[in-house]
Amino acid sequence: ELDRMGEARNDVIYQQIKNQSLADVLAESRPVFEKLLAGVEAQPEEFLIEPQLFEGAPGPMIVWEMLQGDVYEHYALHAPSIKNWLAR
């Protein structure tokens with residue numbers, strides 16, 4: 001289940017892109033994902049596994065855990081509803 005902050009963030013993003021076509025969203029998603037992947041691959045392993053301080057964050061954060069929750073687990077969370085929407 002998404003936490004309240006995640007739900008609020010999802011709602012903001014939804015409001016920003018809700019009128020975009022599926023083709024536009026998919027066209028934008030590939031370069032964004034490739035940029036994310038390149039950024040992760042450019043970092044040393046320590047950056048991903050050791051606590052990091054980021055401006056505006058409430059405290060030290062572990063990057064791989066952020067990626068887990070905000071990227072691949074997030075995709076899996078929403079994939080069923082997206083597949084149902086596309087099937088309609």
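In the block above lies the structure referred to throughout.
Below is a short write-up of the structure.

Rules behind the numbers
- Position numbers for residues count from 1 along each chain, tracking the sequence in the order it is written.
- A pLDDT threshold of at least 70 governs which residues receive local features in this predicted model, and a stricter bar of 80 or more applies before side-chain atom pairs are shown or counted, although totals over entire chains, interfaces and linings include all residues.
- Excluded from the side-chain calculations are hydrogens and water; all other atoms, namely the structure's heavy atoms, are used.
- Where helices and strands are cited, they refer to DSSP runs of H or I of at least four residues and of E of at least two residues respectively, numbered from the N terminus.
- Only protein chains enter the area calculation, which uses a 1.4 Å probe; residues under 20% of their type maximum are buried, those over 50% are exposed, and those in between are partly exposed.
- Two residues qualify as a contact provided that any one of their heavy atoms is within 4.5 Å of a heavy atom in the partner residue.
- A helix's residues, less one, multiplied by 1.5 Å, set its expected span.
- The seven residues ending at a residue and the seven starting there each receive a fitted axis; the angle between those axes is the bend at that residue.
- Lines fitted to C-alpha atoms define the axes here, with helix axes fitted over just the stretch in contact, and angles between the N-to-C directions of these axes take values from 0 to 180 degrees.
- Note on terminology: angles under 35 degrees are roughly parallel, angles over 145 are roughly antiparallel, angles of 65 to 115 are roughly perpendicular, and the others are oblique.
- When the near helix sits turned anticlockwise from the far one by under a right angle, the crossing is termed left-handed; a clockwise turn instead gives a right-handed crossing.
- Basically, the charged four are Asp, Glu, Lys and Arg, the nonpolar ten are Ala, Val, Leu, Ile, Met, Phe, Trp, Tyr, Cys and Pro, and anything else, Gly included, counts as polar.
- Distance and chemistry together define a polar contact, namely a pair of N or O atoms within 3.5 Å, with one atom able to donate a hydrogen and the other to accept it when in protein, and with adjacent residues in sequence counting only for side-chain atoms on both sides.

**Some remarks on the environment of Val40**
Argument step 1. With respect to the secondary-structure elements, Val40 resides in helix α2 (residues 22–41).
Argument step 2. Residue Val40 is classed as partly exposed on the basis of its relative accessible area, which comes to 22%.
Argument step 3. C-alpha of Val40 to C-alpha of Leu67: the two residues are 27 residues apart in sequence and 9.5 Å apart in space.
Argument step 4. Sequence-distant contacts of Val40, that is, excluding residues within four places in its chain, are made with Leu48 and Leu67.

**Some words on helix α4 (residues 63–87)**
Argument step 1. Across its 25 residues, α4 extends 35 Å between first and last C-alpha, which sits within 8% of the 36 Å expected from 1.5 Å per residue.
Argument step 2. At Glu73, α4 is deflected by roughly 45 degrees, the largest bend along its length.
Argument step 3. Those residues of α4 that fall on the buried side of the exposure criterion are Val63, Leu67, Val71 and His74.

**Description of the packing of α2 against α4**
Argument step 1. Taken N-terminus to C-terminus, the directions of α2 and α4 make an angle of 160 degrees; their axes are 14 Å apart at the nearest point. As the angle between them shows, α2 and α4 are arranged roughly antiparallel. Judged by the twist between their axes, the crossing of α2 over α4 is left-handed. Where α2 abuts α4, its residues Leu22, Phe33, Leu36 and Val40 lie against Leu67, Val71, Tyr75, Trp85 and Leu86.
Argument step 2. Across the contact of α2 with α4, the residue classes tally to nine nonpolar, no polar and no charged.

**Some words on the side chain of Gln52**
Argument step 1. Among the structural elements, Gln52 can be located in the loop between α3 (45–49) and α4.
Argument step 2. Of the residues examined, Gln52 reaches a relative accessible area of 18% and is grouped as buried.
Argument step 3. Polar contacts involving the side chain of Gln52 include one to the main-chain carbonyl oxygen of Glu50, which spans 3.1 Å.
Argument step 4. Non-local contacts of Gln52, meaning those with residues more than four positions away in its chain, are made with Glu46, Phe47, Gly59, Pro60, Met61 and Val63.

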